[in-house]
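Okay, here's what each chain looks like letter by letter:
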Amino acid sequence: MNPVAWFKEVGIADRPTVGGKGGSLGELTQAGIAVPPGFVVTTSAFEQFLEALEARAPVRARVEALDPSDLEATVALSEELRRRVMEEPVPEAVAQAVRAAYAELCPAEEPVAIRSSATTEDAEDASFAGLQDTFLWVLGADQMAARVRECWGSLYSVESMTYRRKQGLPEEGVAMAVVVQRMVDAMCAGVMFTRSPLTGDKSVITVEGAWGLGSAVVSGEVTPDRWVMGKITGEISVRDISDKHARQVPAPGGGIVEVANEAAIANQPCLTDDQLMALREVGRKVERHYGKPQDIEWALDEAGHVFLLQSRPETVWSAKDASAPVKPVEANPLAHVMSIFGGGKR
Amino acid sequence: MTDQKSFPLPSDLKVVPGTEGAQAAYPYYAQFVPEDDQKFWFYNSMHFPEPMHHFDMITAEAAYVALGAFNTRVHVLPTAKGIEHRVINGRVYIGGVAVTDPAEIEERVGEFQQRAFYYYENWERLYDQWKDKMKALIADAQALPKPSLPAYEPLETTHTGKGVASNHALLDIYQKQIEGYHRMWHHHFEFLLLGYGAYMTFFDFCKKAFPEISDQAISRMVAGMEAEIFRPDEEVKRLARRAVELGVDAQFTDNMNIDQVLADLDALGNAGKEWLGELETSRNPWFNVSSGDGFYHYHRSWNDDLSLPFAALPGYIEKIKAGANIERPTEQLVAEREQLVADYRELLETDEDKATYDQLIGLAHRVFPYVEGHKFYCEHWYTNLFFNKIREFGALLAEHGFFGPQGREDDVFHLNQYELESAIIDLMLAWGIGSEPRGPKHWPAVVAERKAAIEEWGKHPTSPALGAVPDVIDDPAIVMLWGITRENLDTWLNEGVENEKELKGFAACSGVVEGTARVVKSVAEIGRIQQGDILVCQVTNPTWSPIFQKIGAAVSDIGGSMSHMAIVAREYGLPAVVGTGTATQRIRDGQRIRVDGGRGVVTLLDEERVLEEA
């Protein structure tokens, strides 16, 4: 299998080879939603690399032999395996394919984001909890290649290995895909919920956003502006504009750095009503595509174009959905008016 | 209820010194008594935002006679009987009569279901019948002759053996008119509560299914499209279009002299005459719309005073000439409404909920034509005929010197309904006897005293409510008709404490607008409104629609999500906050304010500068 797959070639069904994140970005791309372009370093690339590692010294057998309660041994093994992942040569076919894809994606070495893309739902949750890695504003092919290795290496982090051992998951089949994606120099960015995180209301879309890259919002370092709008009507019912003291921006040599917001913009809404409507359109489109409410990460570039960086199915309220109706069915529809006229009696 | 803030007691309210005589002239049954301290009252500034002329009190009284009868004894609402009313310093306070005994509620539930369900089941037939009744009632009122007293009875009286002289006709006309007015209010409440109730049932369902849905979205799903209440404004638009089509549009300018324009059109030849014909078509019946809410004699109809519709003509003409289609795209609005209903339905989780939703929206759509349409027949058309008939009595009495040498026909409204009947009888006696009536010596001083009292009362703001706040407001009539909830009473109590620069009300129509506040306390001030101003008023009503094209946003003291201002604001997409309680008292004319119609918040911006000016 090809060590590299472009977003436009893959979808959710390809999760086993491109991971959840990669599959989702591919799915969105195929659905015609603006996603910054990119490719996935597939699990096949990882497996070819792992095969090369195993040929030199065992990896999976060592992990499977680990006692998860022995922290000292786990730490030692993690350090050893991660060092090997970082240092040992990658099979030429894999390295070549990744470099070629990068050259095509970034002819002028444009900045990219590198994200691990786990293949199992469990692992994806772990990823969401920050156990796996995201690297922003990565510059140049060498940096890119190193960050891909770091993502692979995250499979051998103490937390990750301990988790697998405690769950008794076999190492066979444990693999990691890595997303390499052009970055948007975001004027503002944030998250969008197509189902209210507050009440589970499916008729409203909640948008949170702040100046600069979305990492500030996702990590909770800045209190974002918040809007609630009618999914169907587009009417904006809540506008909470917060004091956004700082924003995250690209650092000169790569990576990101936090800078203070000038007073003039700190209290200004980071989105216009038109931009909110554009976000709503995209949110509805994604929700329709998946057929269920989504939690979405978005960014606006300097020109105000909306890009999606991530979309995951909403899980909290979906899990709670009871089948109890809003109001008990009445044989005589008129009996419903007793809820107004009956003083709670019927 | 622990020691929380509360409103003053009725007994804390004092009659403004010097107006005791005018206060005493209101009916004894509408005066506060010590026992009233036990009860919660609120100022009905939605219907009665200005001090009441003595005659105009009949608008409260007749309405509460009928509302009470239908709630208490016709439909038999399980938890609420009628509404009591009191008047002090010209301000009408009202309070509901709740049913709290569970056994009585249970009994009333049985009665209610037999009665109300019959109405729901036969709504269209009964509503058609209702329109026939109203039109017949209107025809009766139109057929009442103008009261007049000839020097000698026409010979016809003798030749036909009529056997009744003209002075008797005065009493006959007056009593028939009072009777007709009361009857109109019975018709008014025949459907109203049931209509609102069906709407509220759907409203509550939506709020449960979609906890963050806006009131506005729900209203848009229900709103009728052919409602009579939009028609007067549509007629003005039609006249604007016809003026352009006929090439007579240049006649209509800002601040035009209307009589001159009408004369010029008549002299202009066929095109001008054709437009005047169109005007007549529109006027009958659609200009029988009050420029107020139909509760004050001085809220004249467009037919009595063409300045309101004519003020809108130049703006509409300009838009038409710029190529804009200004008439309501009814089919498109219907399609949008149906789409909205379908889209929300799609979001419901279960088939059971979808079935309930279908039932409730179906019922809401059935009842809504009445909810939106009745006002045109009742508060506008009939009420306008009613006050004009009383005005004819005013003219007759003025002619006979009852209001002094400077007396005007409108002075009649300073008499209460019983006093007016006594004045009529005084005149009947004098005409018959051939003597002088006593009225000319009696009434001028009374009228002067009451005129002064009303002016004085207008200067004294009054408490929005009186007495202890009940734990819950579950009188469906009060919630539906006045939008009074426990939450907004708390807000009224806390006014001026929480944030001096903010007023909270109901979010009637979303959008954020900053602009100059134009505090308009009566319709007479409408001319002061400039393009882009924010209208601040006690209550608006749909007949102000033509000025909605001019303003940037609207704010009112009272009104719920079902108030007419809210309905029309949504129709016009005009940011609006209703039910703020005190906007007209706290916002200064000319002040810059920000209206956030989506949150229901009004922010006062340049308070300081205005205070300096003041």
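Scope of this entry: the structure provided in the associated data block. (Residues numbered from 1 in each chain as written. Chains lettered and ligands numbered in written order. Predicted model: local features only at pLDDT ≥ 70, side-chain atom pairs only at ≥ 80, totals over all residues.)

Counting secondary structure elements, chain B contains 21 helices and twelve strands. For 614 residues, the compact-globule estimate of 2.2 N^0.38 gives 25 Å, and the C-alpha radius of gyration of chain B, at 25 Å, lies within 12% of that figure. Here the C-alpha coordinates of chain B stretch approximately 80 × 65 × 60 Å along the principal axes. For chain B, the residues scored as buried account for 49% of the 614 residues in total. Contacts in chain B between residues far apart in sequence, at least 24 positions, make up 70% of those at least 6 positions apart. (Helix = DSSP H or I, 4+ residues; strand = E, 2+ residues; numbered from the N terminus. Rg over C-alpha atoms; globule rule 2.2 N^0.38 Å. Buried ≥ 20, exposed ≤ 12 C-beta atoms within 10 Å, placed from the backbone. Contact = placed C-beta atoms within 7 Å.)

Right, let's talk about the overall build of chain A for a bit. Looking only at helices and strands, chain A features 13 helices and 13 strands. Seen through its principal axes, chain A has C-alpha atoms that stretch 80 × 50 × 40 Å. Counting over 346 residues, chain A shows a buried share of 45%. Taking all contacts inside chain A whose residues are at least 6 apart in sequence as the whole, residues at least 24 apart take part in 66%.

Attention now moves to the sheet that holds strand 6 (residues 506-509) of chain B. All names here are of chain B. Pairing is mixed in the open sheet, where eight strands are placed in the order 5-12-11-7-8-9-10-6. Taken across any chain shown, the strands that pair with only one partner, and hence form the sheet edges, are strand 5 (502-504) and strand 6. For this sheet, the mean inter-axis angle between neighbouring strands, taken without regard to orientation, is 30 degrees. Note that strand 11 (residues 592-596) and strand 12 (residues 601-604) share four bridges and pair antiparallel. When the bridges of strand 12 are listed, Asp596 appears paired with Val601. (Pairing = 2+ DSSP bridges. Axes fitted to C-alpha atoms, helices over the stretch in contact; angles between N-to-C directions.)

This part is about the interface of chain A and chain B. Taken together, the contact between chain A and chain B spans 31 residues of the former and 41 residues of the latter. Among the secondary structure elements, those contributing two or more residues to the side of chain A that touches chain B are strand 8 (225-230), strand 9 (236-240) and helix 13 (338-341) of chain A. Looking at which element gives the most residues to the side of chain A that touches chain B, the answer is strand 9 of chain A, with four residues. Across the side of chain A that touches chain B, the residue classes break down as 13 nonpolar, eleven polar and seven charged. (Nonpolar A, V, L, I, M, F, W, Y, C, P; charged D, E, K, R; others polar.)

Our focus in this paragraph is the nonpolar core. With 174 residues, the main nonpolar core has Tyr199(B), Val367(B), Tyr382(B), Ala508(B), Val536(B) and Ala576(B) as its most contacted residues. Among the elements that line this core, the one with the most residues is helix 13 (residues 351-399) of chain B, at 20 residues. Looking at this core, you find at least three residues from each of domain 1 (228-327) and domain 2 (500-613) of chain B. Excluding anything up to four places from it in sequence, Tyr199(B) contacts Val222(B), Ala364(B), Val367(B), Phe368(B) and Val371(B). Core analysis: the second largest hydrophobic core is formed by 81 residues, Val59(A), Cys151(A), Val204(A) and Val222(A) among them. (Core = buried A, V, L, I, M, F, W, Y, C linked by C-beta atoms within 7 Å. Domains from an automatic or database assignment.)

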